Amino acid sequence: YRLTDNPLMDKVLNELTEKTGLPCIAITERLGKVPYIKKKFASVGPGEFLYLMNNAEYVVTDSFHGISFSLLFKKRLIAISNLARNTRLVNILSKTEMSECLVNQEKTEHFIPDIDYEEKYKHCMEIIEEERAKNLNFLKTQIGEVKNAK
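Bear in mind the structure is a predicted one, so any value in this text is a computation, not a measurement. (Residues numbered from 1 in each chain as written. Predicted model: local features only at pLDDT ≥ 70, side-chain atom pairs only at ≥ 80, totals over all residues. Heavy atoms only, no water.)

Novice: Could you clarify how one ought to interpret the overall build of the protein chain in this entry?
Specialist: The helix and strand tally for the protein chain stands at 5 helices and 5 strands. Of the regular secondary structure in the protein chain, the N- to C-terminal order runs α-β-β-α-β-α-β-α-β-α. Projected onto the principal axes, the alpha-carbon positions of the protein chain cover approximately 60 × 30 × 30 Å. Per-residue burial over the protein chain gives 39% buried out of 150 residues. Taking contacts inside the protein chain between residues at least 6 apart in sequence as the whole, the part at least 24 apart equals 52%. On the protein chain, the mean spot of the 22 positive side-chain charges and the mean spot of the 21 negative ones are 7 Å from each other. (Helix = DSSP H or I, 4+ residues; strand = E, 2+ residues; numbered from the N terminus. Buried < 20%, exposed > 50% of the residue type's maximum accessible area, 1.4 Å probe, protein only. Contact = heavy atoms within 4.5 Å. Lys, Arg positive; Asp, Glu negative; His and termini not counted. Charge placed at Lys NZ, Arg CZ, Asp CG, Glu CD.)

Novice: Help me understand the packing of aromatic side chains, please; the structure alone is not making it clear to me.
Specialist: The geometry of two aromatic rings is summed up by the distance between their centres and the angle between their planes. Enumeration according to the criterion identifies 4 aromatic pairs in this entry. Ring plane angle 75° and centroid distance 5.0 Å describe the contact between Tyr-1 and Phe-49, whose orientation is recorded as edge-to-face. Of the two residues, Tyr-1 is situated in the segment before α1 (7-20) and Phe-49 in helix α2 (residues 46-54); the sequence distance between them amounts to 48 residues. Ring centres of Phe-49 and Phe-69 lie 6.0 Å apart, and the angle between their planes is 75°; this geometry places the pair in the edge-to-face category. One end of the pair, Phe-49, is in helix α2; the other, Phe-69, is in helix α3 (residues 64-72), with 20 residues separating them in the sequence. (Phe/Tyr/Trp six-rings, centres within 6.5 Å; stacked < 30°, edge-to-face > 60°.)

Novice: I keep staring at the pattern of salt bridges and nothing clicks. Help me out?
Specialist: Where charged atoms of side chains with opposite charge meet at close range, the side chains can pair. Applying the stated criterion to the full structure yields 7 salt bridges. A salt bridge links Glu-100 to Lys-120; the nearest nitrogen and oxygen atoms lie 3.1 Å apart. Here Glu-100, found in the loop between α4 (87-95) and β5 (102-103), pairs with Lys-120, found in helix α5 (residues 117-149); they are 20 residues apart in sequence, far enough to count as distant. Among the ionic pairs, Glu-131 bridges to Lys-134, the shortest N-O distance being 3.0 Å. Remark: Lys-134 and Glu-131 occur in helix α5; sequence separation between them is 3 residues, near one turn of the helix. (Salt bridge = Lys/Arg side-chain N within 4 Å of Asp/Glu carboxyl O.)

Novice: When you look at a nonpolar patch on the surface in this model, what are you seeing that I'm missing?
Specialist: On the surface, Phe-138, Leu-139 and Ile-143 cluster together into a nonpolar patch covering about 320 Å² of accessible area. Along the chain, the position of Phe-138 falls in helix α5. (Patch = residues over 30% accessible without salt bridge, like charges linked within 9 Å, V, L, I, M, F, W, Y side chains within 5 Å. Areas by Shrake-Rupley, 256 points an atom, 1.4 Å probe, with all protein chains shown as cover.)

Novice: Please clarify how the sheet that holds strand β4 (residues 76-80) should be interpreted in this entry.
Specialist: Through backbone hydrogen bonds, the strands of a sheet pair up, either in parallel or in antiparallel fashion. Pairing is parallel across the open sheet formed by 3 strands, whose spatial order is β3-β4-β5. Sheet topology places β3 (58-61) and β5 at the edges, where each strand pairs with a single neighbour. As defined by bridge partners, β4 adjoins β5 across 2 bridges and the pair is classed as parallel. When the sheet's bridge partners are listed, Ile-80 is paired in β5 with Val-103. (Pairing = 2+ DSSP bridges.)

In structure tokens, the structure reads:
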């Protein structure tokens, strides 16, 4: 899932398809004809987006939402630093202790992270559950304060 015209993503996708032999399915309006892309979707609805994300072997993205759903679906994630909006990407990967998935602009080769994703996701999902509980408690508190103010 690609948001920006980022040459680094082309390098990562090319390496990934060469190493794995997996077909590349792209969700983007950004690409013309690229040899490693088997199928391209210029636009998909929420259901199709979630289906494609959930059924991917790897997710390569420069999108906050792409990263978020990859984490929730426990995908082999390769996050590409976004040329324009990088802060949220770095923050979510840092908070979930998945920063090894981020490929920065300075990297020139060996883009596929050498990560035991299964092991990393055990801890990542614990963090996500803790954050979900904290945020749910915050919302319940705020709703309660609004009700009590009436």
